[in-house]
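Each chain, written out:
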Amino acid sequence: MISGRFYCALAVSLVSLSLASAQSGEGGLGVTNGDFSDLTGLQERADGWYAGVPAGWSTTVAVEGSTNYSVRRETGDFVANVSALSQTKPSFVAFEQEVGRLDAPGEVTLTFELKEPWHGQPFYLGAAIYDSLATTYALATGAFTNSGTHSVVASNVPAGTPIKIGFWTVQGFPSLDNVTITLRLNE
């Protein structure tokens, strides 16, 4: 005879499993807080700015106070200031996120929006898709100098590859928004 506690534990396990699948997204991949609207852990500052590292993202920027202006509310939308969350000197540090492991081999596409830069200066933003276990070798990279929707594509990525995405700026202050990741299975 199976007890009621067993059925309750089974139901909780199945709900947890389905929630984990929903969060992982398509093909085992999914970006957390790609629209930067989750302000958990950030400190509100003046003029619509928030300090800290956005939920779901990571960075090891070493400059004191560099993340004081990391996210900004602009006309009801939140955008990330990659310049405050990455660095290229004295050592390279990307603003990054682990986005999952591929369930099947395919083409991984990182899509994001760059809005008008702050201070009206020209900008140079880099973006990459990495194998999380070999971050010194990017599966695909791109360099972007204009506003709009952009993509970086990594082809023929093997099943089981753990994927990380990263952004950095070399110049200027572009605002990043609507970061997504998709998988198209190999045929």
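Residues numbered from 1 in each chain as written. Predicted model: local features only at pLDDT ≥ 70, side-chain atom pairs only at ≥ 80, totals over all residues. Heavy atoms only, no water.

Observations concerning the pairing of strand β11 (residues 175-185)
Put simply, side chains in a regular strand alternate between the two faces of the sheet.
And then number 1: For strand β4 (residues 77-81) and β11, the ladder comprises two bridges, and the chain directions are antiparallel. Considered in β11, the bridge of Asn81 is made with Ser175.
And then number 2: Bridge analysis of strand β6 (residues 106-115) against β11 gives nine bridges, and the strand direction is antiparallel. Paired with Leu114 across the two strands is Leu176, which belongs to β11. (Pairing = 2+ DSSP bridges. Helix = DSSP H or I, 4+ residues; strand = E, 2+ residues; numbered from the N terminus.)

Things to note about the packing of aromatic side chains
And then number 1: This model, assessed by the stated rule, comprises 10 aromatic pairs.
And then number 2: Between the aromatic rings of Tyr50 and Phe78, the centroid separation amounts to 6.1 Å while the plane-to-plane angle is 65°, which identifies the pairing as edge-to-face. Here Tyr50 is found in strand β2 (residues 49-51), whereas its partner Phe78 is found in strand β4, with 28 residues between them in sequence.
And then number 3: Looking at Tyr50, the relative accessible area reads 8%, which means it is buried.
And then number 4: Ring pairing ties together the aromatic residues Phe36, Trp57, Phe95, Phe112, Phe144 and Phe167, which thus form one cluster.
And then number 5: The ring of Tyr69 carries the charged tip of Arg45 above its face, separated from the ring centre by 4.8 Å. (Phe/Tyr/Trp six-rings, centres within 6.5 Å; stacked < 30°, edge-to-face > 60°. Buried < 20%, exposed > 50% of the residue type's maximum accessible area, 1.4 Å probe, protein only. Lys NZ or Arg CZ within 6 Å of the ring centre and 35° of its normal.)

Looking at the side chain of Gln97
And then number 1: If you trace the backbone, Gln97 turns up in strand β5 (residues 95-101).
And then number 2: On the basis of relative accessible area, Gln97 is assigned to the buried category, the value being 1%.
And then number 3: Excluding anything up to four places from it in sequence, Gln97 contacts Gly30, Val31, Thr32, Gly56, Trp57, Ile163, Lys164 and Ile165. (Contact = heavy atoms within 4.5 Å.)

Quick notes on the pairing of β6
And then number 1: With respect to burial, β6 is a largely interior element, seven of its 10 residues being buried.
And then number 2: Where β6 meets strand β9 (residues 148-157), eight bridges bridge the pair, whose relative direction is antiparallel. Bridge pairing in β9 links Glu113 to Thr149.

Concerning the pattern of salt bridges
Any two side chains of opposite charge can pair, on the condition that their charged atoms come close.
And then number 1: Under the defined criterion, the tally for this structure stands at five salt bridges.
And then number 2: Among the salt bridges present, the one from Asp77 reaches Lys115, with a minimum N-O distance of 2.5 Å. Pair noted here: Asp77 is in strand β4 and Lys115 is in strand β6, with a separation of 38 residues, a long-range link.
And then number 3: Residue classification places Lys115 among the partly exposed residues on the basis of a relative accessible area of 23%.
And then number 4: Across the pair Asp177 and Lys115 runs a salt bridge, and its minimum N-O distance is 3.2 Å. Highlighted residues: Asp177 in strand β11 and Lys115 in strand β6, separated in sequence by 62 residues.
And then number 5: According to the relative accessible area criterion, Asp177 is buried, its value standing at 0%.
And then number 6: When salt bridges with common partners are traced through the structure, they connect Asp77, Lys115 and Asp177 into a single cluster. (Salt bridge = Lys/Arg side-chain N within 4 Å of Asp/Glu carboxyl O.)

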